[in-house]
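# An overview of the molecular structure
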2 protein chains.
Amino acid sequence: MKNVKCAKCIKCGAEVKAVPDLTTCPQCGGILDIQYDYDYIRSVVTPEMIEARKDQTMWRYKEFLPVEPETEFNKLKVGGSPFYEADRLAEILGVAKLYIKDDGVNPTASLKDRASAMAVAKAVEAGADTIACSSTGNAASSLAGNAAAAGLKTFIFVPERAPKGKVAQLLNFGATVISVQGNYEDTFRLSAEAIDKYGWYNRNAAINPYLMEGKKTVALEIAEQLHWKMTDYVAISVGDGCTISGVWKGFKDLYAAGFIDKLPKLISVQAEGCCPLNRAIAQNKPWEPMEENTLADSIAVGVPRNPDKALNAIRESEGVVVNVSDEEILAAMRLLGSTCGVFGEPAGVTGTAGLKKALELGLVPKTASVVSVVTGSGLKDVANAMKAAGEPISLKPELDLLEEAFAQQGIKA
Amino acid sequence: MKNVKCAKCIKCGAEVKAVPDLTTCPQCGGILDIQYDYDYIRSVVTPEMIEARKDQTMWRYKEFLPVEPETEFNKLKVGGSPFYEADRLAEILGVAKLYIKDDGVNPTASLKDRASAMAVAKAVEAGADTIACSSTGNAASSLAGNAAAAGLKTFIFVPERAPKGKVAQLLNFGATVISVQGNYEDTFRLSAEAIDKYGWYNRNAAINPYLMEGKKTVALEIAEQLHWKMTDYVAISVGDGCTISGVWKGFKDLYAAGFIDKLPKLISVQAEGCCPLNRAIAQNKPWEPMEENTLADSIAVGVPRNPDKALNAIRESEGVVVNVSDEEILAAMRLLGSTCGVFGEPAGVTGTAGLKKALELGLVPKTASVVSVVTGSGLKDVANAMKAAGEPISLKPELDLLEEAFAQQGIKA
């Protein structure tokens, strides 16, 4: 990898060789970060070269990615997700310009496909034929799907409380699913012991530094879709901190390589009932664990696994933090659906809910241009879509009853 | 529309002007079919021109589509769905070459987005601000989503038995949903009366001939993704007959315009419990209604609304008909998931289930090349995904129990 210099610990600064099966810092256990040679990148690729590429997946940005040139990585078509000018929603929210990036339109319907595709590519480079993780959510389903497409085996550890629907998706992808009679900590511990024993490749975004490099491709895409003219802000939901870190890394990479000439400010949105990272920023104190009181399950992370990178990202970008209630999240589902035709899961639309609130609170000026990232499909969580939805008009099949109902409810037919 | 000559009745042959709000034949009530001027199309576009286009949506084939050049139609990013070489699945099925077209990766997660995007474009041309249909399935959700993105209102009529999750999706897209206390016939009748009374644009694939023209874009994409070298067969699930008719129309268009030099044979796959069209072909008799005994709800159509076009398509292509059991459909869900990372709904994978069976029965030779179209995402129907899935390994969080379970079940870790 001529474009990669090394992996550097964000805690102690140690530099280690970027081998395919990197985990944490061998000296202090801190999280590693992949370091690039931007002079080299600048010398081999230009924005125009990327724009001319036929490859519509995340791998069109290969010069910015930590993969060997000969690695075969194009299994599932990850990336190339829709990017919409949301003029009507911008008007409703009262902001000058708004774009929606719908990353729910990915092979397994979430942004996590970007990380899992990277995990599969690095596992192949490492000579592994099996990948493992412990998760019940989008990380697990995207890993199982991407690994299946590449012919790799997966072992997924889930706590017994995992929803059957999600387990079903994993089993359909051919994963060996281990339902652990215990809580998430028990599940994680057993997976760590098993990974250690069997030598499986480890897909854990807070341990394996390559996964963030996959996630950052959403930022690379956004920048290209904006024709390299960045907006003032990018709003995104935050759970364990890996995604917002990845987004920030992507923009910084492009800035360092001279592809964009300004960096956006991040709008970090968490749920009111679970906002340890935003609270740390707001109070300018170290982060502390919180309860997980939100229906937005994908960001219900009371003990974030990637706090340092996330906090750095928000601070470096001179970002904004805002927390939203579950009601505000459900309202954002309807708002995105009805104005943009974009159906996101609760955690997926939390960024948009936060943008709305940040505008109302004056944290973001109405003259701003903003990208709001939707991180997963509403079909992932139909139960909460039902909570968001309201009720249909119910009537006998008679036209005059319909007219009556329209009149009563003030519906213009 | 210089590329469109007229709309022609497939029953009485009457030719009528292709106005934006076409429904059925004004003379005999038959279904209309859009007629193109292939000499004109050939004179203005080449395969190379299309390949060079940046637009990755279905509208990149605009010369083959019945829309005015000035119509603004690029609202949701419909089309450009993944196309995979499925070598491992081909080996398992015992066929020389197999491709999977995953049309579940679309904005509302089904092929129906192609028809609904077309409906919205034509409604805008017709000056309508409201579209209506009666359906509980993918047609409804794709219409609601595509119309929301374009700023059009939708009225969706559903029978009261409609699953709440699907109703929730419609409501999140801002549709006015009318839950009719009656069966599907009652629902359809009330919607027809209301459409008549209020003058809404009619999105009904068997009445509005433009919708098939949207659906055909999946065939145009397949041909381009094959670099205009068609496979011997294309396998697809069949319900009311509109999709297979659209697919055939797409290939015939390309053939007539000289873009491809051979037409594939269609593999028409229905559920054993509901196969009126395949039965008509197999027995060489007129079709007759059937019960709707299958869990593949999107193709459970006992009284198909587009029988003539579908039967013509299968016969003209010298196609193959094959029916599959619900067990075979569920098995195909697992097979596609575990070998390709493609998670389809039951009706979505029925084409693949049928291909498997057709190969086993010798209806399709093992030397053939085949495309199998997956028409909708497995997230649309998690309940059946659970039926398909099997059970996870359940155990206490202890490594030796895991080893024991692997040994017992013959799992190589």
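Within each chain, residues carry numbers counting from 1 in the order of the written sequence. Chain letters start at A and ligand numbers start at 1, both assigned in the order the entries are written. The model is predicted, so local features are restricted to residues of pLDDT at least 70 and side-chain atom pairs to those at 80 or more, both for listing and for counting; the totals for chains, interfaces and linings are taken over all residues. Heavy atoms throughout the structure, all of them, feed into the side-chain values; hydrogens and water do not.

## So, the overall build of chain A
Just so we agree on the cut-off: Per the convention used, a helix needs a DSSP run of H or I reaching at least four residues, while a strand needs a run of E reaching at least two, with both numbered from the N terminus. A radius of gyration in this sense is built from C-alpha atoms; the matching globule rule multiplies 2.2 Å by the number of residues raised to 0.38. Three exposure classes are used, based on accessible area relative to the maximum for each residue type with a 1.4 Å probe and protein chains only: buried under 20%, partly exposed in between, and exposed over 50%. Note on contacts: a residue pair qualifies if any of its non-hydrogen atoms lie within 4.5 Å across the two residues. Here the Shrake-Rupley method, with its probe set to 1.4 Å, supplies the accessible areas, and only the displayed protein chains count as covering residues. In this count, Lys and Arg are taken as positive residues and Asp and Glu as negative ones, while His and the chain termini are left out. Working definition for charges: the position is that of NZ of Lys, CZ of Arg, CG of Asp or CD of Glu.
A tally of regular secondary structure across chain A gives 16 helices and 14 strands. Expected size for 413 residues packed as a compact globule is a radius of gyration near 22 Å; at 21 Å, chain A falls within 12% of this value. Across its three principal axes, chain A shows a C-alpha extent of roughly 75 × 50 × 45 Å. Looking at chain A residue by residue over its 413 residues, the buried ones come to 63%. If you take every contact in chain A between residues at least 6 apart in sequence, the share linking residues at least 24 apart comes to 69%. Of the roughly 14,800 Å² of accessible surface on chain A, a fraction of 48% belongs to carbon and sulfur atoms. One finds the centroid of the 45 positive side-chain charges in chain A at a distance of 3 Å from the centroid of its 51 negative side-chain charges.

## Quick look at unusual backbone geometry
The phi dihedral of N284 of chain A falls on the positive side, at around 50°, and the residue is not glycine. Turning to its location among the elements, N284 of chain A is positioned in the loop between helix 11 (276-283) and helix 12 (307-316). Classification of N284 of chain A as exposed rests on a relative accessible area of 61%. For W228 of chain B, which is not a glycine, the phi torsion comes out positive at approximately 65°.

## Digging into the sheet that holds strand 12 (residues 320-324) of chain B
All names here are of chain B. Selection criterion: At least two bridges found by DSSP between two strands are what make those strands a pair. To obtain each axis, a line is fitted to C-alpha atoms, and for helices this fit is confined to the stretch in contact; angles are then taken between N-to-C directions over 0 to 180 degrees.
Strand order in the open sheet formed by six strands is 4-5-13-10-11-12, and the pairing between neighbours is mixed. On the outer flanks of this sheet lie strand 4 (83-85) and strand 12, each paired with one strand and no other. Here the strands of the sheet are splayed against their neighbours by 20° on average, with no regard to which way each runs. Both strand 11 (residues 265-271) and strand 12 contribute to a ladder of five bridges, which runs parallel. Bridge assignment links A271 to a residue of strand 12, and that residue is V324. On top of the sheet, helix 10 (residues 242-256) reaches strand 10 (233-237) and strand 11; it is set at about 155° to strand 10, its chief contact.

## Brief notes about empty space enclosed by the protein
A water-sized probe rolled over the atoms picks out the places where empty space is left. Where we set the bar: Detection works on a 1 Å grid of protein atoms alone, calling trapped sets that fit a 1.4 Å probe cavities and calling open sets with protein on both sides within 12 Å along at least five of seven lines pockets, with lining residues defined by an atom within 4 Å of a point. Grid points are joined across faces, edges and corners, and a volume is the space filled by probe spheres set on the points. Residues are grouped as follows: Ala, Val, Leu, Ile, Met, Phe, Trp, Tyr, Cys and Pro are nonpolar; Asp, Glu, Lys and Arg are charged; all remaining types, including Gly, are polar.
Summed over the entire model, instances satisfying the criterion amount to six cavities of 30 Å³ or more. Computed from the structure, the largest cavity encloses a volume of approximately 240 Å³. Within the lining of the largest cavity, the residues separate by chemical class into eleven nonpolar, ten polar and two charged. Here the second largest cavity defines a volume of roughly 90 Å³. Its residues placed into classes, the lining of the second largest cavity shows five nonpolar, seven polar and two charged.

## Focus: the packing of helix 11 of chain A against helix 12 of chain A
Residue and element names in this part refer to chain A. Rules: Each angle is binned into one of four classes, with values under 35 degrees roughly parallel, values over 145 roughly antiparallel, values of 65 to 115 roughly perpendicular, and all other values oblique. Helix crossings fall into two classes, left-handed where the near helix is turned counterclockwise from the far one by less than a right angle and right-handed where it is turned clockwise.
Running from amino to carboxyl end, helix 11 crosses helix 12 at an angle of 50°, the nearest separation of the two axes being 10 Å. As judged from the angle between their axes, helix 11 and helix 12 are oblique. In this structure, helix 11 crosses over helix 12, and the sense of that crossing is right-handed. Residue-level contacts link L277, N278, A280 and I281 of helix 11 to P307, A310, L311, I314 and R315 of helix 12. Among the residues making up the contact of helix 11 with helix 12, the classes are represented as seven nonpolar, one polar and one charged.

## Let's talk about the interface of chain B and chain A
Note the cut-off: Buried area is a sum: the accessible area each of two parts loses on coming together, probed at 1.4 Å, counted once for each and added. One speaks of a salt bridge when a side-chain nitrogen belonging to Lys or Arg is within 4 Å of a carboxyl oxygen belonging to Asp or Glu.
Contacts between chain B and chain A engage 78 residues on the former and 78 residues on the latter. Taking both sides of the interface into account, the surface hidden between chain B and chain A amounts to around 6,400 Å²; carbon and sulfur atoms contribute 63%. Three residues stand out in chain B for area buried against chain A, namely N172, L379 and P397 of chain B, and they jointly supply 11% of the buried area on that side. Joining chain B to chain A, the criterion identifies four salt bridges.

## Thoughts on the pairing of strand 10 (residues 233-237) of chain A
Residues and elements named next belong to chain A. Test applied: Crossover handedness is defined here as right-handed if the route from the first strand over the helix to the second strand goes clockwise, with the strands pointing away from the viewer.
Among the five residues of strand 10, five are classified as buried, and the element is accordingly described as predominantly covered. Because side chains alternate across strand 10, one face comprises the buried residues Y233, A235 and S237, and the other comprises V234 and I236, equally buried. Note that strand 10 and strand 11 (residues 265-271) share five bridges and pair parallel. The residue bridging A235 from the neighbouring strand is I267, located in strand 11. A crossover links strand 10 with its parallel partner strand 11, the connecting element being helix 10 (residues 242-256), and its sense is right-handed.

## A short note on the packing of helix 10 of chain A against helix 12 of chain A
All names here are of chain A. Across the interface, helix 10 lies against helix 12 with an axial gap of 8 Å and an inter-helix angle of 50°. In terms of orientation, helix 10 and helix 12 fall into the oblique class. Between helix 10 and helix 12 lies a crossing whose hand is left-handed. Across from I244, S245, W248 and K252 in helix 10, the residues of helix 12 making contact are K309, A310, A313, I314 and E316. Residues belonging to the contact of helix 10 with helix 12 are distributed by class as follows: five nonpolar, one polar and three charged.

## Focus: the packing of aromatic side chains
To keep it simple, the criterion reads: Side-chain rings of Phe, Tyr and Trp, where Trp is taken by its six-membered ring, are said to pair if the distance between their centres is within 6.5 Å; with planes under 30 degrees apart they count as stacked, over 60 as edge-to-face, and otherwise as tilted. When the NZ atom of lysine or the CZ atom of arginine is within 6 Å of a ring's centre and also within 35 degrees of its normal, the charge is said to sit over that ring.
With the rule as written, the count across this model stands at 22 aromatic pairs over all chains. Their ring planes at 20° and their centres at 4.9 Å tell us that Y198 of chain A and W200 of chain A sit as a pair that is stacked. Take Y198 of chain A: its relative accessible area is 23%, and that puts it in the partly exposed class. For W200 of chain A, a relative accessible area of 5% gives the class buried. Taken together, F155, F157, Y198 and W200 of chain A together with F406 of chain B form an aromatic cluster joined through their ring pairs. Residue placement shows K122 of chain A over the ring face of Y210 of chain A; its charged tip is 4.4 Å from the ring centre. Positioned above the aromatic ring of Y198 of chain B is the side chain of K197 of chain B, whose terminal nitrogen or guanidinium carbon lies 5.7 Å from the ring centre.

## Observations regarding the relation of the copies chain B and chain A
The condition is simple: Least-squares fitting of one copy onto the other uses the C-alpha atoms of those residues that reach a pLDDT of at least 70 in both copies.
Expressed as a screw operation, the relation of chain B to chain A combines 0.0 Å of axial shift with a rotation of 180°, fitting to an RMSD of 0.0 Å. The superposition operator between the copies reduces to a two-fold rotation axis.

## Thoughts on the sheet that holds strand 8 (residues 176-180) of chain B
Ordered in space as 14(A)-8(B)-7(B)-6(B)-9(B), the five strands form an open sheet in which the pairing is parallel. Strands with a single pairing partner mark the edges of an open sheet, and in this sheet they are strand 14 (393-395) of chain A together with strand 9 (201-202) of chain B. Two elements, strand 7 (residues 153-159) of chain B and strand 8 of chain B, share five bridges in a ladder whose sense is parallel. Each bridged residue has a counterpart across the sheet, and for F155 of chain B the counterpart in strand 8 of chain B is T176 of chain B. Helix 7 (residues 184-198) of chain B contacts strand 14 of chain A together with strand 6 (130-134), strand 7, strand 8 and strand 9 of chain B of the sheet and is inclined by roughly 155° relative to strand 7 of chain B.

## Thoughts on the confidence of the model for chain A
The condition is simple: pLDDT gives the predictor's per-residue confidence on a scale running from 0 to 100.
Looking at chain A, pLDDT values average 95 and 100% of them are 70 or higher. In the model output, the complex is listed with pTM 0.96 alongside ipTM 0.95.

## Observations regarding the pattern of salt bridges
Residue and element names in this part refer to chain A. Under the definition given, this model contains 48 salt bridges over all chains. Across the pair E221 and K101 runs a salt bridge whose closest N-O atoms are separated by 2.6 Å. Here K101 lies in strand 5 (residues 97-102) and E221 lies in helix 9 (residues 217-225), a separation of 120 residues in the sequence. Side by side, E221 and K101 carry an identical accessibility label, which is buried. One salt bridge connects R189 with D186, and the closest N-O pair in it is separated by 3.9 Å. One end of the pair, R189, and the other, D186, are both in helix 7 (residues 184-198), three residues apart, so they sit about a helical turn from each other. Its relative accessible area of 38% is what places R189 among the partly exposed residues. A single network of salt bridges, built from pairs that share partners, joins D33, E213, K216, K249, D253 and K309.

## Points about the pairing of strand 7 (residues 153-159) of chain A
Residues and elements named next belong to chain A. A large share of strand 7 lies buried, amounting to six of its seven residues. Alignment of strand 6 (residues 130-134) against strand 7, held across five bridges, turns out to be parallel. Looking at the pairing, T130 lines up with K153 of strand 7. Note that the unit made of strand 7, helix 6 (residues 164-172) and strand 8 (residues 176-180) has a crossover that is right-handed.

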